[in-house]
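In case you want the letters, here they are:
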2 protein chains.
Amino acid sequence: MEQKEISQAVISRLPRYFRYLGELKDEGIERISSQELSELMQVTASQIRQDFNNFGGFGQQGYGYNVEYLYDEISKILGLNKTHHLIIIGAGNLGQAIGNYMNFERRGFILKGLFDANPALTGKLVRGNAVQPMENIEAFVKENDIDIAVLTIPKTSAVSVAEQLVSYGIKAIWNFAHVDLKVPEGIQVENVHLSDSLMKLSYNINRYQLGCGSERRKMGCDNEEQGARGR
Amino acid sequence: MEQKEISQAVISRLPRYFRYLGELKDEGIERISSQELSELMQVTASQIRQDFNNFGGFGQQGYGYNVEYLYDEISKILGLNKTHHLIIIGAGNLGQAIGNYMNFERRGFILKGLFDANPALTGKLVRGNAVQPMENIEAFVKENDIDIAVLTIPKTSAVSVAEQLVSYGIKAIWNFAHVDLKVPEGIQVENVHLSDSLMKLSYNINRYQLGCGSERRKMGCDNEEQGARGR
DNA sequence: CATTATGTTAACATTAATATAAAATGAAAA
DNA sequence: TTTTCATTTTATATTAATGTTAACATAATG
């Protein structure tokens, strides 16, 4: 049957295709060619075709791609036709923000509960869910068929909490803690390291300001000063 | 001088190195070899050496890398020795969360102000900063030497607000709005598309559950049903 | 002087871009 | 109406570029 593993590079691009296709669909556009989509999204047409082809070719020669069909297929590939139940561990600012922001519901990600170690937060309502103490997690996960845990706690406790969650049967962790989690094979982790992202931005600002942006090399761009290295 | 462009793949790894080196430093570790770091970080030693070498070689043969020196160098490469002034546009849940979370201050990212179109939020204090109306942005940016704008507003207004920010002289945008911004050459944009990240997680859950995880192919893994394609 | 461990070159693997081939469309001609 | 045919546009194969890992030669250590 020869089904090859699809690279994460491709997967990472799917949500963006999905977003654009959703917009096209909303505009009532029925069909689109890789060429048109290419201009819209600023990626090469060939990459678009290659990406879609990984999953078996959704287009038709001479016609292009049917927007709605393609949208639905990508939706299935991403597993958005299934419902996921999630809980938020850490009901601080970020946890609450994510809880309240639950636009995700539309895509099948249903928030079922929030937990926090701080007793002051217990009972606080976030989008209709009362924050619970950490002790409740185990029973709650087992009783409510929870797939995904959102980790919005400080890094100091993140590793051990993640371990516990896994032992309770959680299948995936959306990790906002600034630490690398160690999980067994088969448990999915998606990291959102905000500070890493900000540092990358900082690098690019810095780099561009040194005149070494995307333009040709200029003299004096090399800002390495020769300092004592080694010890 | 032959300074080659460093790929974003490398840059993306720097913050993680930086994090590990910071931890080592805090533990009082003075030196480390690429081999040791490799085991700690679960990447190949050769990649570590290759990455560091992009910037001119921070180690010494027979010795390894001096933790503190390397930490400082990466810090400089990432531009963390410079101060950046930032403002948050959109003081909703997410904007407030980021504002409050300002651990970033330690790295030179100083929050100077928040802005929101909703008058109900005007005056609300977030980490000591009163939320201001959008009309104030222009003057504020010019008077306070603002580098970075954090965009935590709905996608409907994000594009036009980004354009305005650029016209006011902003150099970089940390974009949390779920839309692609169009900015002129030289303006840096770093996107944090949370829903994309969640969809990627969903894909991987789904994929693994079909038994097609990282293990060998199994029969019946192919869940493509042959539907009508084209129109 | 043997060992350690980097820097660097070379091999390999992956990803993206380009070129070619084939299928379907849609319009014009029979 | 049917058929032909040029055009559109995908799918596939090929080539090029990029990124990663391995190998090795060299320098410093102890």
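In what follows, the accompanying structure is described. (Residues numbered from 1 in each chain as written. Chains lettered and ligands numbered in written order. Predicted model: local features only at pLDDT ≥ 70, side-chain atom pairs only at ≥ 80, totals over all residues. Heavy atoms only, no water.)

As a further point, take the sheet that holds strand β3 (residues 64-66) of chain B. All names here are of chain B. Taken together, three strands build an open sheet; the order of strands is β1-β3-β2 and the sheet is antiparallel. A single partner strand is all that each edge strand has here, and the edge strands are β1 (31-32) and β2 (59-60). Running over the sheet, helix α4 (residues 67-77) touches β1 and β3 and is turned about 70° from β3. (Pairing = 2+ DSSP bridges. Helix = DSSP H or I, 4+ residues; strand = E, 2+ residues; numbered from the N terminus. Contact = heavy atoms within 4.5 Å. Axes fitted to C-alpha atoms, helices over the stretch in contact; angles between N-to-C directions.)

Below, the discussion takes up the protein's contact with DNA strand C. Within the structure, DNA strand C sits among 25 residues, and Ser46, Gln50 and Gln61 of chain A together with Ser34 and Gln61 of chain B are positioned closest to it. Residue Arg31 of chain A places a side-chain N or O atom 3.5 Å away from a phosphate oxygen belonging to DNA strand C. At a separation of 2.4 Å, a base oxygen of DNA strand C approaches a polar side-chain atom of Gln61 of chain B. Those elements that provide at least two residues to the surface near DNA strand C are α3 (45-53) of chain A together with α3 (45-53), β2 and β3 of chain B. (Near = heavy atom within 4 Å. Polar contact = N/O pair within 3.5 Å; in protein donor to acceptor, adjacent residues only side chain to side chain.)

The full count for this structure, using the stated rule, is 18 salt bridges over all chains. Residue Glu73 of chain A is joined to Lys76 of chain A by a salt bridge in which the shortest nitrogen-to-oxygen separation is 3.2 Å. Of this pair, Glu73 of chain A and Lys76 of chain A both sit in helix α4 (residues 67-77), three residues apart, roughly one helical turn. Exposure remark for Glu73 of chain A: the relative accessible area of 11% places this residue in the buried category. Since its relative accessible area comes to 32%, Lys76 of chain A is described here as partly exposed. Salt bridges sharing common partners tie together Arg16 and Arg19 of chain A together with Asp180 of chain B. (Salt bridge = Lys/Arg side-chain N within 4 Å of Asp/Glu carboxyl O. Buried < 20%, exposed > 50% of the residue type's maximum accessible area, 1.4 Å probe, protein only.)

If you walk through the whole model with that rule in mind, you get 16 aromatic pairs over all chains. Seen in terms of ring centroids, Trp174 of chain A and Phe176 of chain A are 4.9 Å apart; in terms of plane orientation they differ by 70°. Their pairing is edge-to-face. Both residues of the pair, Trp174 of chain A and Phe176 of chain A, belong to the buried class. Note on Tyr17 of chain B and Phe52 of chain B: the rings are 4.9 Å apart at their centroids and 65° apart in plane angle, and the pair reads as edge-to-face. Of this pair, Tyr17 of chain B sits in helix α1 (residues 8-26) while Phe52 of chain B sits in helix α3, and the two are 35 residues apart along the sequence. The exposure classification of Tyr17 of chain B matches that of Phe52 of chain B, with both residues buried. Through successive ring pairs, a cluster of aromatic residues spans Tyr101, Phe104, Trp174 and Phe176 of chain A. Over the ring of Tyr63 of chain B we find Arg31 of chain B, and its NZ or CZ is 4.4 Å from the ring centre. (Phe/Tyr/Trp six-rings, centres within 6.5 Å; stacked < 30°, edge-to-face > 60°. Lys NZ or Arg CZ within 6 Å of the ring centre and 35° of its normal.)

Even without a glycine there, the phi angle at Asp145 of chain A is positive, about 55°. Mapped onto the secondary structure, Asp145 of chain A falls in the loop between α6 (137-144) and β8 (148-151).

Residue and element names in this part refer to chain B. Given a rise of 1.5 Å per residue, 14 residues ought to cover 20 Å, and the 20 Å separating the end C-alpha atoms of helix α7 (residues 155-168) matches this to within 8%. Residues of α7 that are buried include every one of Ala158, Val161, Ala162, Leu165, Val166 and Tyr168, and no others. Downstream of α7 by one or two residues, Gly169 has phi in the positive range, about 110°. (Expected span 1.5 Å × (residues − 1).)

Within this structure, the stated rule accounts for one cavity of 30 Å³ or more. The space that makes up the largest cavity amounts to roughly 60 Å³. Lining the largest cavity, in full, are Tyr101 of chain A together with Leu94, Phe176, Ala177, His178, Val192, His193, Leu194 and Ser195 of chain B. A breakdown of the residues in the lining of the largest cavity according to their chemical character gives six nonpolar, three polar and no charged. (1 Å grid on protein atoms, 1.4 Å probe; cavity = no way out; pocket = protein on both sides within 12 Å on 5 of 7 lines; lining within 4 Å. Points joined across faces, edges and corners; volume = space filled by probe spheres on them. Nonpolar A, V, L, I, M, F, W, Y, C, P; charged D, E, K, R; others polar.)

Okay, the relation of the copies chain B and chain A next. In summary, the two copies of the chain are related to each other by a rotation about an axis coupled with a shift along it. Expressed as a screw transformation, the operator carrying chain B onto chain A has a rotation angle of 180° and an axial translation of 0.0 Å, and the superposed copies differ by an RMSD of 0.1 Å. Each copy turns onto its partner about a two-fold axis. A shared interface surface links the copies, since 99% of the contact residues of chain B are contact residues in chain A too. (Least-squares fit on C-alpha atoms with pLDDT ≥ 70 in both.)

Our next topic: the sheet that holds strand β5 (residues 109-115) of chain B. Strands belonging to one sheet form pairs held by backbone hydrogen bonds; the direction of such a pair is parallel or antiparallel. All names here are of chain B. The sheet built from seven strands is open, its strands ordered β6-β7-β5-β4-β8-β9-β10 with mixed pairing. At either margin of the open sheet sits one strand with a lone partner, and together these are β6 (125-126) and β10 (188-191). Here strand β8 (residues 148-151) pairs with strand β9 (residues 172-175) via four bridges, running parallel. Residue pairing for β9: Ile148 is matched across the bridge by Ala172.

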